[in-house]
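# Structural overview
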Amino acid sequence: MNKLTAELKVKIIDILNLQDLSPENFDENDRLVGGALGIDSIDVLEMVVMVERDYGVVINSQEVGEKIFSSLASLAEYIKENTPGSSP
Amino acid sequence: MEKRVYIAGLGIISPLGEGLAATEEALRDNRSAIRPLDLFPLLHGEPLPTGQVRGLAEQSDLPRTHRLALNAARQAMASANTPPDAIILGNTTGGILTTEALLRAKADNKELYRYHGLNSVAEYLAQELGCCGMAMTVSTACSSGAVAIALALEMLRRGKAKAVLAGGVDSLCRLTYFGFHSLQLVDRQGCHPLDADRHGMAVAEGAAMLLLTTEKPARPLAELLGAGLSCDAYHPAAPHPEGRGALRAMQAALADAGLNPTEISYINLHGTGTPENDLAEAKAVRTLFAAPPPLSSIKGATGHSLAASGAIEAVVAAIAVAKDFLPANTGCRNPDPALGLTPLRQPTNQATTAVLSNSFGFGGNNGCLVIAKADRFPPPSPKHGKAGLAIHGYACLTGAGDTAATLTLLAQGLPVAGTADLAGISANLPPNLVRRLKRLPRLTLSLALSAHQDSGFEAKPAAVFMGTGWGALSETHDFLTRLADSGEQFPSPTDFVGSVHNGPAGQTAILFGASGANITASGGDYSFEQALFAADLMLEEGQKSALVLGADEGHPVLSPLLDPSIAPDTLLADGGGGFCLSRKTAGAQCLVRIPFYQRSAAEGGIKALIDALGGAQTLNGKYALLLAGIPAAVREEGEGQLAEFLAQSGLQAPVIRYREFTGEFASASAVAAVMAASFLASGKVPGLLVSGDDLALAGKKNAILVLGLGRYLSAMKFSRP
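The shown structure was predicted, so the numbers you read here are calculated from the model rather than taken from an experiment.

The rules behind the values
- The written sequence of each chain sets the order in which its residues are numbered from 1.
- By the order in which they are written, chains take letters starting at A while ligands take numbers starting at 1.
- Thresholds applied to this predicted model are a pLDDT of at least 70 for local features of residues and 80 or more for the giving and counting of side-chain atom pairs; totals over whole chains, interfaces and linings are not thresholded and use all residues.
- To qualify as a helix, a DSSP run of H or I must reach at least 4 residues; to qualify as a strand, a run of E must reach at least 2; elements of each kind are numbered from the N terminus.
- Atoms considered for the radius of gyration are the C-alpha atoms alone. The globule rule reads 2.2 Å times the number of residues to the power 0.38.
- Think of it as a crowd count around each C-beta: if 20 or more other C-beta atoms lie within 10 Å the residue is buried, if 12 or fewer it is exposed, and in between it is partly exposed, with C-beta placed from the backbone throughout.
- By definition, residues are in contact whenever their C-beta atoms, placed on the basis of the backbone, come within 7 Å of each other.
- We call Asp, Glu, Lys and Arg charged. Ala, Val, Leu, Ile, Met, Phe, Trp, Tyr, Cys and Pro are nonpolar, and the rest, Gly among them, are polar.
- The split into domains, and so the bounds of each, comes from an automatic or database assignment of domains.
- Between any two strands, at least two bridges found by DSSP are needed for them to pair.

## What to know about the overall build of chain A
Scanning chain A for helices and strands turns up four helices and zero strands. Expected size for 88 residues packed as a compact globule is a radius of gyration near 12 Å; at 12 Å, chain A falls within 12% of this value. C-alpha atoms of chain A, sized along the principal axes, occupy 35 × 30 × 20 Å. Here chain A holds 88 residues, and 26% of them are scored as buried. In chain A, the share of contacts with a sequence separation of at least 24, taken over all contacts with a separation of at least 6, comes to 58%.

Written as structure tokens, this is what we have:
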């Protein structure tokens, strides 16, 4: 889980170009979408693509996205539970 | 003087069929034409439902967009004896379906890309129809067709033309097919606008054109009674949740038409079928209409044909008033109670005098039209005064850097061509604001902020007019590259949203809260001139200030392929110019007008240009300097035109070929415009630019002429207030 969390921090900072943030000061329990980071629906979709491409986990953001992307920790949890071939 | 604008001809080709009769029949049958895509092969998965035009004749090298547009244009012109005075076309993706295939095949012969540009569609129509006037291209995403028609209305009302062919076109392509899917806006089950179980839109294609005239035709099909534009200034891709911008555009259209809400017989909704759009639109409709009239969206039948949709629905509105027939909300099974609207479930015959047609798009660009039975309502009262715009602030960006750096080099007679680094361009932009933005939107925002700052105005500008020849090339390139590299599996939603031509103007509106008209024009090397022309048409007296911007980015891969003036060994150059202007001449730095814009192939073009500038004597008495825009691709033709102009007018002013200084890029004329404004502000032209002493802009001879030469002839006049 820690490895996944650390990995996600780097990826999200990169794909969303969050220049003010470093993996060290990225709190996985902070509010991810709609919070101070300024992450919105387009960023969510960009993360959806990344999660599908890099982890093979499909997220239909219209239905479940809001909950999954509430924090980085919840995203990591979802990926872990839904990774093909892995037992939860 | 009051001027009615009549609809003298209509043309339509859509998934419903070709021509008015086929369209009406399909609507009367309440038939959906949405089917799985088969226009181009897919590498993965089941094709999504789309609105595809069937049976369009193939033609070797002409992109589908051009063929759709010509088909609709010929229909609209069928009963006209003379070509239109101007063409205004809404379009978002030009010949990109062809470009996508060429890029995948790694074709590097730039001749093959000649139909890529958005402007190439309108210019192709002009050539085929023999139109010698302006061929203007409007790109405001999904409201493009409606905004094109709104501009045509103003052009006619102001007497700048007697007959304008206006409409919209888009063909299906990978960019929009995969782009909207990446935004999870596509309904896999078709399209069900206003339904409780709706999941999105169906991307579609088509074209529709309206021949609009101020001379009353023998049998007018309908009257274009009014139009209203607004911008959400809220989000690049999502509508304002309360439908704030939609409401303002509808209110503006009704006010422009001189109608009360109770006088509207039917509303043709934008109704894309996405949960957010339909909800926001419903809220706006319920706010404006205490008891909404019959209403429906036809997008469950046609799909969403993007730039064409506003024009297609204007044609449907004209059919509604001509035939007293209201189309159903095809595909809606159980109206969503949350919307509080009762869409028409069946096609209905009903007396119809005035229709409100809604179009909303990315960037929060909204355009609403009012189409009515001819002569049924009083003509709207004229509201416009003199033409001409007062410049209060200006700014430019070039390879040399910002305005000061650029003007310093120019004053030394040195070129400013090149591409400034991204960090420098972004120096005045908050990092969080621009983290998702690539080169063109950053250039644009930087210009907008600097021009507004230079004006000294505290009040924020209310409207934005943007010209760009090629749009956001980085985003377009990156989207298509990642799409191809990932085997069509993982396109970037961010790049898709950023790829639309009106993205930068939409970002500018968000930055300033500019909720008025927001128009992006794309006229190749004349894009800035088209934006200025649009501003002069749409900016009302007494209104707050507006921004007029012109910018292009130099892209290492795409610019040499697409821009005919940029060869592989040409120094890559980019930048642009921005102005903060209003109708108030008091305190202005200078004034600008755009007295001429015509196709150069027209007979006697140079003489007409000289006449439009007041004749040879006036020219010689007024103009101290000529800035000539001759794109490299048309150097011989442009030099010939310039020589002819100088010979015929006998103009004795020095000539600066400004692209020798700015480098080659489509909106170089925006930098030339800033040069002109800065010379007037300082009262002199630097001597090293005119190979002599400083040229004082004093006395009566104090105006500067900026000419665009080549395929079109355009003139911008800069003068003292």
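This is not the end of the story, as more comes after the structure.
## Some details on the interface of chain A and chain B
Each side of the interface is counted separately: chain A has 14 residues, and chain B has 15 residues. Among the secondary structure elements, those contributing two or more residues to the side of chain A that touches chain B are α2 (41–55) and α3 (61–68) of chain A. The element that contributes the greatest number of residues to the side of chain A that touches chain B is α2(A), accounting for six residues. The residue inventory of the side of chain A that touches chain B, partitioned by class, reads five nonpolar, six polar and three charged.

## Looking at the domain arrangement of chain B
Residues and elements named next belong to chain B. Looking at the assigned domains, one finds that chain B contains domain 1 (6–372), domain 2 (389–591) and domain 3 (592–719). Each partner contributes to the interface: domain 1 provides four residues, whereas domain 3 provides four residues. Looking at the side of domain 1 that touches domain 3, its residues break down into three nonpolar, one polar and no charged.

## Quick notes on the pairing of strand β14 (residues 354–361) of chain B
All names here are of chain B. With respect to burial, β14 is a largely interior element, eight of its eight residues being buried. Neither face of β14 is left uncovered, since the one carrying A354, L356, N358 and F360 and the one carrying V355, S357, S359 and G361 both have all their residues buried. Taken together, the eight bridges between β14 and strand β15 (residues 365–372) define a ladder with antiparallel strand orientation. Within the sheet, the bridge partner assigned to S359 lies in β15 and is G367. Here β14 folds back onto β15 in antiparallel fashion, the turn holding three residues, of which G363 has a positive phi close to 80 degrees.

## Things to note about the pairing of strand β22 (residues 623–629) of chain B
Residue and element names in this part refer to chain B. Counting buried residues in β22 gives seven out of seven residues, a clear majority hidden from the surface. Strand direction decides the pairing type here: β22 and strand β26 (residues 703–708), joined by six bridges, are parallel. Note that in β26 the partner of L626 across the bridge is L705.

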